[in-house]
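This is what each chain is made of:
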Amino acid sequence: MDRPKADANVIVALKNVDLHVPQGSIHGVIGLSGAGKSTLIRCVNLLERPSSGSVVVDGQEMTRLSSSDLNQARHRIGMIFQHFNLLTSRNVFDNVALPLELMGMKRAEIRERVMPLLDLTGLADKTRQYPAQLSGGQKQRVAIARALASKPRVLLCDEATSALDPQTTGSILELLRDINQQLGLTILLITHEMEVVKSICHRVSLISGGELVEEADVGDFFTAPRTRLGREFLNDFLQLEPPKALVERLEAKAGANTHPVVRLAFSGDAVSTPLISRLARECEVDVSILQAKVESIQERTLGLMIAELLGPAEKTRQAIDYLEAHDLHVEVLGHVQRDD
Ligand SMILES: Nc1ncnc2c1ncn2[C@@H]1O[C@H](COP(=O)(O)OP(=O)(O)OP(=O)(O)O)[C@@H](O)[C@H]1O
């Protein structure tokens, strides 16, 4: 959404957004509060109409459809929300049946469509219960079943797990992953939680101030985010920051008597190779490990470490080259004065 006019009363919620989500993939959009996530996802089914630009879903240009064609097109796009948005006066079955009733489907046909969805979402024993009798996770399962009722090609998830505890979040994400795999459903989700991105997304876009500032495969994003905001999200998630006392001593530039503090990220073969001891042996530097963590991100194992490289400047420079030559991502966080 692009509003080129400079007008104090106009809020530009999105600008120059170019996002392509391949069919069958799970794509996450992550950003801070107010970044434009909800606006972006609501543009996909035109709950929010962009002032310019185009929205293509399953080959169909959404912005040019008549209102009845748009209605039809929306059947191919399911959506779930943070607060579930169920009708409290309807039981589980009738909530899931609602979109089909609105489409004019016959009762017997509705039953045939709804019962397998309640099975799929683990609600077969809850058909006659009302939302007030359900947990948050169960309510979101009802919302997922309802979103799937019209056999959509795309599922939009607007902070779908933000109101849930971590364990329930895990089970809902697992359900979304199953649906993606079993039904080949394309999923676009927005979230402020890295855990969600890590758990189920294939690719991720980072949104800030209404603009997409970074996009990457999830494994790459968790190894080496390219923007400062990406690194902040990652650090918050990993809680891998140098100790505060050290941060206070960090200087941006190397001096005559300083040594570098580095953040190392490694994946693939590098995880199982004893690179640090080789580094010490071959480059003649000492390595003081300040923090380290190994994370499993989908099929990949990632190692992360914050370390001080101790030795003469020339040797520590060689050590960094050595690490980079072995496919580690090296970020120099700063330099600290030598104590010796
Ligand atoms: N109806 C509206 N009227 C005016 N401004 C709006 C409206 N909806 C959103 N905005 C503004 O647009 C910007 C993007 O909002 P949006 O809700 O898309 O952000 P978000 O990333 O989803 O945030 P959150 O995670 O807090 O929901 C914000 O500056 C917000 O204040």
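Residues numbered from 1 in each chain as written. Predicted model: local features only at pLDDT ≥ 70, side-chain atom pairs only at ≥ 80, totals over all residues.

- An unreviewed UniProt entry lists the chain under the name Cell division ATP-binding protein FtsE, with Billgrantia endophytica given as the organism.
- Per UniProt, the chain has the following entry under Subcellular location (unreviewed entry): "Cell inner membrane".
- For the record of the chain, the UniProt heading Sequence similarities (unreviewed entry) holds the text "Belongs to the ABC transporter superfamily." (UniProt positions renumbered as here; feature names shortened; annotations may be inferred.)

Some remarks on the site of the ligand
Moving on, step 1. In the region of the ligand, the neighbouring residues are I11, A13, G31, S33, G34, A35, G36, K37, S38, T39 and H192.
Moving on, step 2. By residue number, the principal contributor to the shell around the ligand is helix 1 (residues 37-44), which donates three residues.
Moving on, step 3. A class-by-class count of the residues in the shell around the ligand yields three nonpolar, seven polar and one charged. (Near = placed C-beta within 6 Å. Helix = DSSP H or I, 4+ residues; strand = E, 2+ residues; numbered from the N terminus. Nonpolar A, V, L, I, M, F, W, Y, C, P; charged D, E, K, R; others polar.)

A word on the pairing of strand 4 (residues 77-81)
Moving on, step 1. Of all five residues in strand 4, four are buried, a share of seventy percent or more.
Moving on, step 2. Two elements, strand 4 and strand 5 (residues 154-158), share five bridges in a ladder whose sense is parallel. Looking at strand 5, one finds that I77 is bridged to V154. (Buried ≥ 20, exposed ≤ 12 C-beta atoms within 10 Å, placed from the backbone. Pairing = 2+ DSSP bridges.)

Some details on unusual backbone geometry
Moving on, step 1. With phi around 60 degrees, L46 is a residue other than glycine that occupies positive phi space.
Moving on, step 2. Relative to the helices and strands, L46 is located in the loop between helix 1 and strand 2 (56-57).
Moving on, step 3. The phi torsion at D327 lies on the positive side, around 65 degrees, for a residue other than glycine.
Moving on, step 4. Relative to the assigned elements, D327 resides in the loop between helix 13 (313-325) and strand 12 (329-337).
Moving on, step 5. Taking the C-beta count within 10 Å as the criterion, D327 has 13 such neighbours and is therefore assigned partly exposed.

Here's the deal with the environment of I190
Moving on, step 1. The residue I190 is located in strand 6 (residues 186-191) in this model.
Moving on, step 2. Along the chain, I190 and I207 lie 17 residues apart, while their C-alpha atoms are 9.9 Å from each other.
Moving on, step 3. Leaving out residues up to four positions away in the same chain, I190 has contacts with V29, K37, S38, L40, I41, D158 and E159. (Contact = placed C-beta atoms within 7 Å.)

As for the packing of helix 12 (residues 275-283) against helix 13
Angle between the axes and distance between the axes: these two values describe a pair of packed helices.
Moving on, step 1. Running from amino to carboxyl end, helix 12 crosses helix 13 at an angle of 140 degrees, the nearest separation of the two axes being 10 Å. Classified by the angle between their axes, helix 12 and helix 13 sit oblique to one another. With respect to the hand of their crossing, helix 12 and helix 13 are arranged in right-handed fashion. Here L275, L279, E282 and C283 of helix 12 lie close against helix 13, whose contacting residues are K315, Q318, A319, Y322 and L323. (Axes fitted to C-alpha atoms, helices over the stretch in contact; angles between N-to-C directions. Parallel < 35°, antiparallel > 145°, perpendicular 65-115°, else oblique. Left-handed = near helix turned anticlockwise from the far one by under 90°.)

Observations regarding the domain arrangement of the chain
Moving on, step 1. Examined at the domain level, the chain breaks down into domain 1 (26-224) and domain 2 (240-337).
Moving on, step 2. Computed over C-alpha atoms only, the centres of domain 1 and domain 2 are separated by 41 Å.
Moving on, step 3. Taken together, the contact pairs six residues of domain 1 with eight residues of domain 2.
Moving on, step 4. Sorting elements by how many residues they give to the side of domain 1 that touches domain 2 places helix 8 (residues 218-223) first, with four residues.
Moving on, step 5. When its residues are assigned to classes, the side of domain 1 that touches domain 2 shows three nonpolar, two polar and one charged. (Domains from an automatic or database assignment.)

What to know about the sheet that holds strand 9 (residues 258-267)
Sheet strands associate in pairs through backbone hydrogen bonding, adopting either a parallel or an antiparallel arrangement.
Moving on, step 1. As summarised here, the arrangement of the four strands in space is 10-11-9-12, forming an open sheet in which the pairing is antiparallel. Looking at which strands have only one partner, the edges of the open sheet turn out to be strand 10 (286-297) and strand 12. When the angles between neighbouring strand axes are averaged without regard to direction, this sheet yields 15 degrees.
Moving on, step 2. Relative to strand 12, strand 9 is paired through eight bridges, and the arrangement is antiparallel. Following the sheet pairing, T258 is matched in strand 12 by Q337.

Here we look at the nonpolar core
Moving on, step 1. Of all hydrophobic cores here, the largest spans 77 residues; its most connected members are L40, V96, A145, I187 and L264.
Moving on, step 2. Domain assignment of the residues forming this core places at least three in each of domain 1 (26-224) and domain 2 (240-337).
Moving on, step 3. With sequence-adjacent residues up to four places away left out, V96 is seen in contact with V114, L117, L118, V142, A145, R146 and A149. (Core = buried A, V, L, I, M, F, W, Y, C linked by C-beta atoms within 7 Å.)

Let's talk about helix 13
Moving on, step 1. Taking 1.5 Å as the rise per residue, helix 13 with 13 residues should run 18 Å; its terminal C-alpha atoms sit 18 Å apart, in good agreement.
Moving on, step 2. Among all positions of helix 13, only T316, A319 and L323 are buried. The arc that holds the buried residues of helix 13, viewed along the axis, is 50 degrees, so those residues lie on one side. Of the exposed residues in helix 13, the ones pointing more than 90 degrees away from its buried face are E314, D321, E324 and A325.
Moving on, step 3. Check the buried side of helix 13 and you find it contacts strand 9, helix 12, strand 11 (300-310) and strand 12.
Moving on, step 4. Two residues or fewer past helix 13, D327 is found with a positive phi of approximately 65 degrees. (Expected span 1.5 Å × (residues − 1). Arc of directions from axis to C-beta.)

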